[in-house]
Amino acid sequence: MDFVTQNIWLIALALLSGVMLVLPALTGKLSGVLQISPQEVVRLFNHEDALILDVRESSEYRDGHVPKSRHIPLGKLKDELGSLEKFKDRAIVAVCRSGSRSQSACGLLRRAGFTKIHNLAGGIGAWDQAGLPKER
């Protein structure tokens, strides 16, 4: 018990770190958005004709993107929802640099009535690590 009282801040920091590690996975599951791997993105694209939606800024997109992806920066996505209506019942995979902006995009799409929303876990960095091709 003495250890706990003498090291309460250390214990609190360890607990907070643990929560921060688990929180992204929990928020994804609670929001109904599936976090998927690059290999699962390829499978969805090849077998279910999924739309790959890149929500990064234009300069990031020009540096390299998933082949045949559609580019709509996150800041413009709300205004562009009408152009995505024809994909409402198809699988959509949102992509960004790390998976954070694309998670926000998934939430926006979900609220707009899109049903098959996926987020590339780890973003384009995970795509690169998997050794998958990019277009410029």
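All values reported here derive from a predicted model rather than from experimental measurement.

Colleague: Describe the pattern of salt bridges, listing the residues and the values that go with them.
Modeller: Oppositely charged side chains can form a pair if their charged atoms are brought close together. Using the criterion set out here, one finds six salt bridges in the structure. With its nearest N and O atoms 3.5 Å apart, the salt bridge here joins Asp 49 to Arg 90. Pair noted here: Asp 49 is in the loop between α3 (38-48) and β2 (51-54) and Arg 90 is in the loop between α5 (74-80) and β4 (92-95), with a separation of 41 residues, a long-range link. The exposure class of Arg 90 is partly exposed, given its relative accessible area of 27%. Notably, a salt bridge pairs Arg 101 with Glu 60, separated by 2.9 Å at the nearest N-O pair. Here Arg 101, found in helix α6 (residues 100-111), pairs with Glu 60, found in helix α4 (residues 58-62); they are 41 residues apart in sequence, far enough to count as distant.

Colleague: Run through the nonpolar core, naming residues and quoting values.
Modeller: In terms of nonpolar packing, the biggest core is built from 18 residues, with Leu 53, Leu 77, Leu 84, Ile 92, Leu 109, Phe 114 and Ile 117 touching the most fellow members. Mapped by element, the contributors of at least two residues to this core are β2, β4 and α6. Per-element tally for this core: the top contributor is α6, with four residues. Every residue in contact with Leu 77, bar those within four places of it in the chain, is listed here: Leu 53, Ile 72, Leu 84, Ala 105 and Leu 108. In terms of nonpolar packing, the next biggest core, distinct from the first, is built from 12 residues, Ile 36, Ile 52, Val 93 and Val 95 among them.

Colleague: Could you give me a rundown of the environment of Leu 15, with the residues and numbers involved?
Modeller: Within the element layout of this structure, Leu 15 appears in helix α2 (residues 8-31). Separated by 78 residues in sequence, Leu 15 and Val 93 have C-alpha atoms that sit 32 Å apart.

Colleague: An account of the side chain of Ser 102 is needed here, citing residue identities and associated values.
Modeller: Examined against the element boundaries, Ser 102 turns out to sit in helix α6. Taking the relative accessible area as the measure of exposure, Ser 102 reaches 0% and is therefore buried. In this structure, Ser 102 is in contact with Val 55, Ala 94, Val 95, Cys 96 and Asn 119, ignoring residues within four places of it in sequence.

Colleague: Before we move on, could you go through the sheet that holds strand β3 (residues 70-71) and cite the residues and values that matter?
Modeller: On the basis of which strands lie adjacent, the open sheet formed by five strands has the order β1-β5-β4-β2-β3 and parallel pairing. Each of the sheet's edge strands pairs with one partner strand only, and the pair in question is β1 (34-36) and β3. Looking at chain direction, β4 and strand β5 (residues 117-120) are connected through three bridges and run parallel. Along β5, the bridge assignment pairs Ile 92 with Ile 117. Contacts from α3 reach β1, β2, β4 and β5 within the one sheet, and its direction differs from that of β1 by about 105°. Across the sheet, α6 is in contact with β1, β2, β4 and β5; its angle to β5 comes to roughly 175°.

About the thresholds
- Going along each chain's sequence as written, the residues are numbered from 1 onward.
- Only residues with pLDDT of 70 or above have their local features reported here, since the model is predicted, and side-chain atom pairs are shown and tallied only from 80 upward, although totals for entire chains, interfaces and linings are computed over all residues.
- Calculated side-chain values reflect all of the structure's heavy atoms, with hydrogen atoms and water omitted.
- Definition used for salt bridges: Asp or Glu carboxyl oxygen within 4 Å of a side-chain nitrogen of Lys or Arg.
- Counting from the N terminus, the helices are DSSP H or I runs at least four residues long and the strands are E runs at least two residues long.
- Type-normalised accessible area, obtained with a 1.4 Å probe on protein chains alone, sets the label of each residue: buried when under 20%, exposed when over 50%, and partly exposed for intermediate values.
- Nonpolar core, defined: a set of buried Ala, Val, Leu, Ile, Met, Phe, Trp, Tyr and Cys residues in which side-chain atoms within 4.5 Å join the residues together.
- By definition, residues are in contact when any of their heavy atoms lie within 4.5 Å.
- Whether two strands pair depends on DSSP finding at least two bridges between them.
- Here, axes are lines fitted to C-alpha atoms. For helices the fit covers the stretch in contact, and angles between N-to-C directions go from 0 to 180 degrees.

Note that all results are geometric; they support no functional claim without further evidence.
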